[in-house]
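Residues per chain, in single letters:
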Amino acid sequence: MSDAETTIRATGGRAPDVFRLGGWVPMREYREADEVDFAIVGTGGGGGTLACRLAEAGFSVVAFDAGAYWRPLEDFASDEHHQSKLYWTDERISDGENPIQLGSNNSGKSVGGSTVHFAMVSLRFRPEWFKSRTLLGYGADWPLDWREMWGYYGEVENALKIAGPVSYPWGPKRPRYPYRAHEMNAAARVLARGCDAQGYRWTETPLATVSAPRGESPPCVYRGFCTLGCSTNAKQSALVTWLPRALAAGAEIRDLAMVGRIETNEAGRATGVQYHRDGRWRFQKARNVVVAGYAIETPRLLLMSATTRFPDGLGNSSGLVGKYLTVQGNQAVWGQCEDEIRSYKGPPSLAVTEHFNYHDEGKDFHGGYCWMSQGPLPMLWGGTLAGDRGLWGEALVAEMQRYNHSVGLKVVSEYMPQERNTVTLADETDRYGLPIARVTYSWCDNDKRMNRHALDQMRMSLAGAGATELWEQENDTCHLNGTARMGSDPATSVVDSDCRSWDIPNLWVCDGSVFPTVGGVNPSLTIQAIACRTADRIAALAKRGDLERRSVLTGS
Amino acid sequence: MSNERQDLYPGYDVLAKRDTPSWNEQTREVIDARLALDPEGHSFFTDAEWATLKALVDRIVPQPASRTAPIPVAAMVDEKMRGPGDGFRIASLPPMGEAWRRGLAALAAEAEERHGRRFHEIGTAEQDAIVRDAKEGRGKEAAWAGLPPKEFFSHRVVPDVVKSYYAHPTAWNEIGWGGPASPRGYVRMDFNRRDPWEAAEAKPGQEEKARRENRRVGR
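Described in the following lines is the structure provided in the data block.

Basis of the calculations
- Residues numbered from 1 in each chain as written.
- Chains lettered and ligands numbered in written order.
- Predicted model: local features only at pLDDT ≥ 70, side-chain atom pairs only at ≥ 80, totals over all residues.
- Heavy atoms only, no water.
- Helix = DSSP H or I, 4+ residues; strand = E, 2+ residues; numbered from the N terminus.
- Rg over C-alpha atoms; globule rule 2.2 N^0.38 Å.
- Buried < 20%, exposed > 50% of the residue type's maximum accessible area, 1.4 Å probe, protein only.
- Contact = heavy atoms within 4.5 Å.
- Lys, Arg positive; Asp, Glu negative; His and termini not counted.
- Charge placed at Lys NZ, Arg CZ, Asp CG, Glu CD.
- Salt bridge = Lys/Arg side-chain N within 4 Å of Asp/Glu carboxyl O.
- Pairing = 2+ DSSP bridges.
- Axes fitted to C-alpha atoms, helices over the stretch in contact; angles between N-to-C directions.
- Buried area = accessible area lost by both parts, 1.4 Å probe.
- Nonpolar A, V, L, I, M, F, W, Y, C, P; charged D, E, K, R; others polar.
- Core = buried A, V, L, I, M, F, W, Y, C linked by side-chain atoms within 4.5 Å.
- Parallel < 35°, antiparallel > 145°, perpendicular 65-115°, else oblique.
- Left-handed = near helix turned anticlockwise from the far one by under 90°.
- Phe/Tyr/Trp six-rings, centres within 6.5 Å; stacked < 30°, edge-to-face > 60°.
- Lys NZ or Arg CZ within 6 Å of the ring centre and 35° of its normal.

Attention now goes to the overall build of chain A. Helix and strand counts for chain A stand at 12 helices and 20 strands. The globule rule puts the C-alpha radius of gyration for 556 residues at 24 Å, and the 22 Å found for chain A is close to it. With the C-alpha coordinates of chain A rotated into their principal frame, the extents come out at 65 × 55 × 50 Å. When each of the 556 residues of chain A is scored for burial, the buried share is 68%. In chain A, the proportion of contacts linking residues at least 24 apart, taken out of those at least 6 apart, comes to 73%. Looking at charge distribution, chain A has the averaged site of its 59 positive side-chain charges lying 5 Å from that of its 65 negative ones.

Set out below in structure tokens:
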């Protein structure tokens, strides 16, 4: 039905109008020989946001994405199976003591990246997490100040018209959310009942799907297919927010464009990107290159771009490109209710408690976590019951019949950054002849203690809400961060606080890869806030002539 | 509740909603194609593999004998082999298609060794014993030839077979899921609330009421 996966859409001076069937908007185009100010690799929460803000600041920008340029109204079916087309389905190899599942919730291959299918949960970091080493005794300090980030969080929340509560129960004061909170479904009410029984606060989850009309976006109709792509455009993904703004400000977006190499010259500076589009390899000249492919494709590209001068890959004098991959725990407790829950209605996570992000007493581990209500659709739920609970045969089909009475809580927890968790290049190659990524993950003892604590707490909570026949899903993880960490010391980080490579002054990284720690909340709001800050910093550096020349090594 | 399959949503047919505001054109197109799949169609698996696969999927997601048009799970798995993969594989397993070929060969070899017959020719209890052993990692090395049975089961059989089954409208009827929901979505979100275009569950003694309500979901 849709030709977006096979036919380049953003070309000939126009790009898809994501709000209209068959519609187009004008798009400025650059020639490959034009040395554009910024070539950005990836158009999701990091790259899409940055492309918008840099174009609006007057820079010439070309943003590349390996994925398709969808028009959600015409390209998205209301179907769990079909919509797996939004995922990064190229092969990767997963190993380690706790190999992570890839390719679905933690991946995206679309213009707009994984924000096209994310669950829209938009939470701020706890302020102390930006200095967790100094203030909390674990992980690493960020070279960013939470008070500055508070302002950028506000900018993103307003840009996406986040729907959330009037007053938020945890952390420093923040303005009320731009749009009213969504109505809670029964699954969210179970979370609230459980927290009430435990004496913990809960709230409606701040979500990036509008609760009232917003421009061309209608209010959410509670279809419940959020993690398979929003077919009405209520979801405020990068595809329908930052990227239309980027186009209007003169950025060019190239869909179905797989970047395979960043070129560098003898002076050790990036000169542009080699990318595969329309059947052949091409080269785009650029004054600056930004890598924003998320925490697997970003280190993969930096490592694949090795030269004799940079034999270990670009920006890798610290040896940390591809190291400190940090995911988040995503364990769950599930149970049965006598009431009909029908958790498939509405966004999947309408209620949240951040109690254990802000209360540290009694913990036998470092870090924090939140938990949220859940709304798995049948394929995901069948896979969970079979894969995690071990059901098959008549036991599986019978348990699946209790779908409408099933309810659960799922954690997003702060795993510890560990150097041994890595993204490396495998010997096997993909269809472009590029080495595929090998992803290695093992839990540390702290991760395991946190898993246990969170499972115990969620079990008590669900029991307190009246659910029975509780069982634990122990192995799930979510989100990918940390493989090009930011810091204030070139020896222990890949980029500085401006997301700029310590080694190559016109190379930048702008996505979850720069996180030194992950906190106990979903990362997308922080990724977008950092992108906004980076854009402001780039504009400031350009103004004083430091963009192409690092005159002062900050922090060293 | 029972641990056997029941007729919990009597008369509910999610396809009755096909021409309502719960289904848009692109959804109709996708589901129509799925329903048109030839249950015997296979171009990836050889005939021998196909016989084993069909017997295996019947044990993982058994279907009632009374079902006139069973969900073509094996054909859906064959179709998956010809499309994009999952986006990753566990390091101990070979790529998707090779894992399936070797896994099916291993099941066939187990049946041959234990019973002197092919997997699809032995009884369901015997088949279940082989599946159970594989799932628990107790496959015989001679049969599995280096393929780890436990990982084959959890990372290939489960995602490919179970997710195929629950991608089909007939399975949605069985579990009372609302199905496609674009553009209409839902209105009634609270406990025990049901939109008129959702499946009605048969409460004990109220089966006929549920059947009447389920007849109206497509109106």
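For the coordinates displayed, the defined rule picks out 73 salt bridges over all chains. In this structure, R92 of chain A engages E297 of chain A in a salt bridge whose closest nitrogen and oxygen atoms are separated by 2.9 Å. Placement of R92 of chain A in the loop between α2 (72-75) and β5 (93-95) and of E297 of chain A in helix α7 (residues 294-304) is noted, with a sequence separation of 205 residues between them. Accessibility expressed as a relative area gives 10% for E297 of chain A, which makes it buried. Between R118 of chain B and E121 of chain B there is a salt bridge; the shortest N-O distance is 3.2 Å. E121 of chain B gets classed as partly exposed once you look at its relative accessible area, which sits at 36%. Members of the salt-bridge network, linked through shared partners, are E340, R342 and K345 of chain A together with E198, E201 and K203 of chain B.

Below, the discussion takes up the sheet that holds strand β16 (residues 422-429) of chain A. As summarised here, the arrangement of the 4 strands in space is β16(A)-β17(A)-β5(A)-β1(B), forming an open sheet in which the pairing is mixed. Of all strands in the sheet, those with a lone pairing partner are β16 of chain A together with β1 (89-90) of chain B, marking the two edges. Pairing of β5 of chain A with β1 of chain B involves 2 bridges; the strand directions are parallel. Each residue of the ladder has a partner; that of S94 of chain A, found in β1 of chain B, is I90 of chain B. The strands touched by α7 of chain A are β16 and β17 (435-440) of chain A; relative to β16 of chain A, the strand with the most contacts, the crossing angle is about 65°.

Before going further, it helps to examine the interface of chain B and chain A. Facing 66 residues of chain B, the contacting portion of chain A comprises 67 residues. Counting each side, the surface lost to burial between chain B and chain A is near 5,300 Å², with a carbon and sulfur contribution of 58%. At the boundary of chain B and chain A, one finds 7 salt bridges. Counting residues per element, the ones that place at least two in the side of chain B that touches chain A are α1 (25-35), α2 (47-60), β1, α5 (124-135), α7 (149-165) and α8 (169-175) of chain B. Per element, the largest residue contribution to the side of chain B that touches chain A is 6 residues, and it comes from α1 of chain B. By residue class, the composition of the side of chain B that touches chain A is 32 nonpolar, 13 polar and 21 charged.

Residue and element names in this part refer to chain A. Examined bridge by bridge, β16 and β17 share 5 bridges and lie antiparallel to one another. Residue pairing for β17: T422 is matched across the bridge by T440. Counting the residues in the hairpin turn of β16 and β17 gives 5 residues, including G433, whose phi is positive at 80°.

All names here are of chain A. Relative to the elements of secondary structure, N357 occurs in helix α8 (residues 355-358). Looking at N357, the relative accessible area reads 0%, which means it is buried. Ignoring sequence-local partners within four residues, the contact set of N357 consists of R126, W129, G368, Y369, C370, G520 and V521.

Here the focus is unusual backbone geometry. Most peptide bonds take the trans form, and the phi angle of most residues other than glycine is negative. Here the bond from S182 of chain B into P183 of chain B is cis, since omega is 10°, no more than 30 degrees from zero. Examined against the element boundaries, P183 of chain B turns out to sit in the loop between α8 and α9 (207-215). Non-glycine residue H479 of chain A carries a positive phi angle of around 65°. Along the chain, the position of H479 of chain A falls in strand β19 (residues 477-481). Phi angles above zero are rare outside glycine, and N192 of chain B is one such case at about 60°. Here N192 of chain B is to be found in the loop between α8 and α9. Judged by relative accessible area, which is 41%, N192 of chain B ranks as partly exposed.

The subject of this paragraph is the nonpolar core. Formed by 173 residues in total, the largest nonpolar core has its most connected members in F38, I40, Y69 and I262 of chain A. The next biggest cluster of nonpolar side chains, apart from the first, holds 76 residues, and it includes M400 of chain A together with V14, A106 and F152 of chain B.

Residues and elements named next belong to chain A. The geometry of helix α1 (residues 47-56) relative to helix α12 (residues 524-543) is characterised by a closest axis approach of 8 Å and an angle of 30° between their N-to-C directions. The orientation of α1 relative to α12 falls into the category roughly parallel. Crossing geometry of α1 relative to α12 is assigned as right-handed. Residues T49, L50, R53 and L54 of α1 pack against Q528, A531, C532, T534, A535, D536 and I538 of α12. Here the residues of the contact of α1 with α12 sort into 6 nonpolar, 3 polar and 2 charged.

Take the packing of aromatic side chains next. Per the counting criterion, the structure on display carries 31 aromatic pairs over all chains. Here a set of aromatic residues connected by ring pairs shows up, and it is made of F125, W129, F130, W142 and F515 of chain A. A cation sits over an aromatic face here: K109 of chain A above W88 of chain A, 4.5 Å from the ring centre. One Lys or Arg, R184 of chain B, reaches over the ring of W197 of chain B and ends 4.2 Å from the middle of that ring.

On to the packing of helix α4 (residues 146-159) of chain A against α12 of chain A, then. Each pair of packed helices can be summarised by the angle the axes make with each other and by the distance between the axes. Residue and element names in this part refer to chain A. One way to put it is that α4 packs onto α12 with a least axis distance of 8 Å and a crossing angle of 105°. Of the possible angle classes, the one that applies to α4 and α12 is roughly perpendicular. Contacts from E148, M149, Y152, Y153, E155, V156 and E157 in α4 reach L525, T526, Q528, A529, I530, C532, R533 and D536 in α12.

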